[in-house]
Amino acid sequence: MKNTVHVALGARSYDVEIGPGLLAEAGARIAPLMKRRRVCVLTDETVARLHLEALRDGLAAAGITMEALALPPGEATKSWPHLERAVDWLLDQKVERNDIVVAFGGGVIGDLAGFAAAILRRGVRFVQIPTSLLAQVDSSVGGKTGINATHGKNLIGAFHQPSLVLADTSVLGTLTARDFLAGYGEVVKYGLLGDAAFFDWLEAQGPALAAGDMTARVEAVTRSVQMKADIVARDETEQGDRALLNLGHTFCHALEAATGYSDRLLHGEGVAIGCALAFELSARLGLCSQEDPSRVRAHLKAMGMKTDLSDIPGDLPDAVALVDLMAQDKKVVDGQLRFILARGIGKAFVTSDVPRAAVLSVLEDALATC
Ligand code: GLY
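Under an unreviewed UniProt entry, the chain has the name 3-dehydroquinate synthase and belongs to Ruegeria sp. PrR005. Among the UniProt annotations of the chain, the heading Pathway (unreviewed entry) holds the following wording: "Metabolic intermediate biosynthesis; chorismate biosynthesis; chorismate from D-erythrose 4-phosphate and phosphoenolpyruvate: step 2/7." Per UniProt, the chain has the following entry under Catalytic activity (unreviewed entry): "7-phospho-2-dehydro-3-deoxy-D-arabino-heptonate = 3-dehydroquinate + phosphate".

Printed below as a string of structure tokens:
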């Protein structure tokens, strides 16, 4: 039950391996990339406690030794001080241009370790071993790396493609239900943006997948990664189509900023709520039928996910303040907000042509239920 998705980027092409038990095979999978049989692993303390020994064993099986640095878990780690610590540690370990850095963790570690690899000695290769559902289906694939700035999320970074991604789906078994469902928000996003049949499949299989059905998990991760790989191969640096992957993200980034990037709202939860709002906005603009946002919300609710603004604990700012927060988003072009809207489920498109009044009215109505 293992699948391979190829990310076709010429000289920067790589494979994403998906399935249970890949940690045990990590050494055999990484060895062909190596000159010397030693890797430096950046991880977080939670992942280290749960899975680092399994990775060490998997590498040792192919004669590869491992040094590891475990950083604190959480979004605050995606910052200058932790990047500096990671880079200094890699230099202490005498990592050379031909060595491999391993990012072993969720989206925070993948982004930070990838950025450290991008800037260390003007770029060393790295392997992503994503441990959260969100990282397996989204952030470990496509080469976006970086850290957060005081001005906003992900504002400092580089495109730096990994040389290999190992998505061990058995590791998902140790995620909390909340973290799993937050990652599932990104899975739903793929169906909504470009594959209505996948959304139909998720409506049918989502509950089994959440309950731990491994076949369904491997299928969901594979279909998501395949879709991302196709989009990234067409548009690596987000000049066009890649922006489709940001469905729900303009709303999400404003909500994350409004909640202080805290535990009140996880990124994937914000994406799910953002997708529901993007479909609502699309329906109000006459682009899709009112049944579409209702169907999106019904699936999120059936999965027990955060769906509405009222599901976010604590107070939120008013609609004007939320739209102002959207204007901080790095996807703003010439001062114009860019939205991903939809002509139906699976039919998303990018536009800057969205009246501010329409966005305000969707947010005002959504806030009225809080
Ligand atoms: N997470 C969106 C992208 O990789 O483009």
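S.K.: Please clarify how the pattern of salt bridges should be interpreted in this entry.
M.R.: When charged atoms on two side chains of opposite charge get close, those side chains can pair. Taken as a whole, this structure holds 27 salt bridges when the rule is applied. A salt bridge links Arg284 to Asp365, with the nearest nitrogen and oxygen atoms 2.9 Å apart. Taken as a pair, Arg284 in helix α10 (residues 267–284) and Asp365 in helix α13 (residues 356–368) lie far apart in primary sequence, 81 residues in all. When its relative accessible area of 37% is taken as the criterion, Arg284 is described as partly exposed. Take Asp365: its relative accessible area is 42%, and that puts it in the partly exposed class. Between Arg356 and Asp324 there is a salt bridge whose closest N-O contact spans 3.9 Å.

S.K.: So what exactly am I meant to see when it comes to the UniProt feature "binding site: NAD(+)" (unreviewed entry) in the chain here?
M.R.: The feature "binding site: NAD(+)" (unreviewed entry), as annotated in UniProt, sits at Gly107, Val108, Ile109, Gly110, Asp111, Thr131, Ser132, Lys144 and Lys153 in this numbering. Tracing the chain through its elements places Val108 in helix α4 (residues 107–119). The exposure class assigned to Val108 is buried, which follows from its relative accessible area of 17%. Discounting residues that sit within four places of it in the chain, Val108 has contacts with Gly74, Glu75, Thr77 and Lys78.

About the criteria used
Within each chain, residue numbers correspond to sequence positions counted from 1 in written order. Side-chain atom pairs in this predicted model are given and counted only at pLDDT of 80 or more, local residue features only at pLDDT of at least 70, and totals for whole chains, interfaces and linings cover all residues. Computation of side-chain values covers all heavy atoms of the structure but excludes hydrogens and water. UniProt positions are given in the numbering used here, feature names are shortened, and annotations may be inferred rather than shown by experiment. Here, a salt bridge means any Lys or Arg side-chain nitrogen found within 4 Å of an Asp or Glu carboxyl oxygen. Counting from the N terminus, the helices are the DSSP runs of H or I reaching at least four residues and the strands are the DSSP runs of E reaching at least two. Any residue under 20% of the maximum accessible area for its type is buried, any over 50% is exposed, and the rest in between are partly exposed; the area is computed with a 1.4 Å probe on protein chains only. The contact rule is simple, with two residues in contact once any of their heavy atoms fall within 4.5 Å.

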